[in-house]
Amino acid sequence: MTLNEVSLTGVLSACAQAGAFEFGKILHGFLERAGFLWMVSVNNALLDTYAKCGDIAMAGLVFERMPQKRTIVSWTSLLAGLAMHGHGDEAIQLFHEMASTGVMPDGIIFISLLYACSHTGLVKEGCTYFDEMRNVYNIEPSIEHYGCMVDLYGRAGQLRKAYEFACQMPIPANAIIWRTLLGACSFYGNIELAEKVKLKLSELDPYNSGDHILLSNVYAVAEKWKDVAAVRRSMNDLKIQKTPGWSMIEVDKVMYTFLAGVKQDDKIVVEAYEKLKEIMLRLRLEGGYAPEVGKVLYDIEEEEKEDSISSHSEKLAVAFGIGRLCKGKKIRVVKNLRICRDCHVMMKLISDVYNVEIVVRDRSRFHSFKDGFCSCRDYW
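Residues numbered from 1 in each chain as written. Predicted model: local features only at pLDDT ≥ 70, side-chain atom pairs only at ≥ 80, totals over all residues. Heavy atoms only, no water.

**Things to note about the overall build of the protein**
Point 1. Across its full length, the protein holds 18 helices and 6 strands.
Point 2. Against the globule reference of 21 Å for 380 residues, the protein gives a C-alpha radius of gyration of 22 Å, in line with a compact fold.
Point 3. Here the C-alpha coordinates of the protein stretch approximately 60 × 55 × 40 Å along the principal axes.
Point 4. Of all 380 residues assigned to the protein, the portion counted as buried reaches 51%.
Point 5. In the protein, of all internal contacts separated by at least 6 residues, the share reaching a separation of at least 24 is 64%.
Point 6. Accessible surface computed for the protein: about 18,300 Å², of which carbon and sulfur atoms make up 53%.
Point 7. In the protein, which carries 45 positive and 48 negative side-chain charges, the distance between the mean positions of the two groups comes to 1 Å. (Helix = DSSP H or I, 4+ residues; strand = E, 2+ residues; numbered from the N terminus. Rg over C-alpha atoms; globule rule 2.2 N^0.38 Å. Buried < 20%, exposed > 50% of the residue type's maximum accessible area, 1.4 Å probe, protein only. Contact = heavy atoms within 4.5 Å. Areas by Shrake-Rupley, 256 points an atom, 1.4 Å probe, with all protein chains shown as cover. Lys, Arg positive; Asp, Glu negative; His and termini not counted. Charge placed at Lys NZ, Arg CZ, Asp CG, Glu CD.)

**Some details on the side chain of Lys 348**
Point 1. Along the chain, the position of Lys 348 falls in helix α18 (residues 341-353).
Point 2. Taking relative accessible area as the criterion, Lys 348 reaches 16% and is therefore assigned buried.
Point 3. Apart from the residues within four sequence positions on either side, Lys 348 is in contact with Phe 369, Gly 372, Phe 373, Cys 374 and Asp 378.

**Some words on the packing of helix α3 (residues 40-52) against helix α5 (residues 72-84)**
Point 1. Close contact between α3 and α5 brings their axes to 9 Å; oriented N to C, the two are set at 0°. What the angle tells us is that α3 and α5 run roughly parallel. The residues of α5 that touch α3, namely those facing Val 40, Asn 44, Leu 47, Ala 51 and Lys 52, are Val 73, Ser 74, Ser 77, Leu 78, Gly 81 and Met 84. (Axes fitted to C-alpha atoms, helices over the stretch in contact; angles between N-to-C directions. Parallel < 35°, antiparallel > 145°, perpendicular 65-115°, else oblique.)

**Describing the UniProt feature "repeat: PPR" (unreviewed entry) in the protein**
Point 1. Here the UniProt-annotated "repeat: PPR" (unreviewed entry) positions come out as residues 71-105.
Point 2. Helix and strand shares over residues 71-105 are 74% and 0% respectively, and the end C-alpha atoms of the span are 11 Å apart. (UniProt positions renumbered as here; feature names shortened; annotations may be inferred.)

**Notes on the confidence of the model for the protein**
Low pLDDT marks regions whose predicted coordinates should not be analysed in detail.
Point 1. Mean pLDDT over the protein: 90, with 94% of residues reaching 70 or higher.
Point 2. Low pLDDT, under 50, characterises residues 297-306; the stretch is placed with 19 contacts to residues that sit more than four places away or in other chains. (pLDDT = per-residue confidence, 0-100.)

**Re the pairing of strand β2 (residues 254-259)**
Point 1. Bridge analysis of strand β1 (residues 246-251) against β2 gives 6 bridges, and the strand direction is antiparallel. Note that in β2 the partner of Met 248 across the bridge is Thr 257.
Point 2. Where β1 folds back on β2, the antiparallel hairpin that results is connected by 2 residues, among which Asp 252 adopts a positive phi of roughly 50°. (Pairing = 2+ DSSP bridges.)

**Here we look at the pairing of strand β3 (residues 331-335)**
Point 1. Buried residues dominate β3, accounting for 5 of its 5 residues.
Point 2. Of the two faces of β3, the one lined by Ile 331, Val 333 and Lys 335 and the one lined by Arg 332 and Val 334 are each fully buried.
Point 3. Sheet topology note: the β3/strand β4 (residues 358-361) ladder contains 4 bridges and is parallel. Residue pairing in the sheet places Ile 331 in a bridge with Ile 358 of β4.
Point 4. This β-α-β element, β3 to α18 to β4, shows right-handed connectivity. (Right-handed = clockwise from strand over helix to strand, strands pointing away.)

Here it is in structure tokens:
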């Protein structure tokens, strides 16, 4: 088979989606040796691969070394990568650098710019760029831009403002926007607003399992177990299945997948559980770790709650990585759901106690854990 622009970008895209960093590096070397890096589209795909595999510095290097003139896709790919990694100030700087070169921004790059502001708490800046879209660049905001603004207010804890913004939009808010706000209500424990938002979602997408789980989370934190039970009954009545959490990790160029709460007989899973037990014991002794059981959805004993959260997929993946990867090797995990508070706390402790760097790509962003701190600065 003859390799061409389409097939190469396709393989790079697959690496990016799976978080296959090591394989992506091998492919990068091949592209360089085979002389394919003169293609702008291949460079854009390579940049995107590094960004989505957790190496934003390497993505920036690919961007800087691009032999051909950068396209709007090149700028957008790097800006989106900076946004995913929580580098809001750098994303804004890149946007202005792009504008200074004469490249006109489009609606897509504004989505990434607003996303960057949202994930770093730059509310004032986000509002400014939203206004500039229409007033300076004559770009009419789309549903995605409005969604970014609801997310911007919601993540900052300005829940009432986010709700009013969604209600006053010139186009009807879709399920994604209301779901974004419900997630913020869950994070900040606002029961009254969460119930209002859930009613909106029940009209638009009544069978989405994530919405029911988010509402359950709000009730569970407030220890309203009867309401938790009512939500669970509603899920059973509607035959709604919870989306299982999974995490992937690349070890020796092989991708391994772990499922939350599934204790299989598979020797890989057993190995991960055994290593996780060892890690948790050490974290309790050396790091003062105490599981955060507030969001476990059942009115059960504390010990059972600890068992429930200890089997989260990202914990298993990281434990497996610590057991298998060479000392000093960065651990990279891809997760399909949003990382929970307890896993976030535990990853920070592991990075400190085990002196290891951990990169977790969850549903919406990257978390880089090092020396007991996270790149998100606990704002996610």
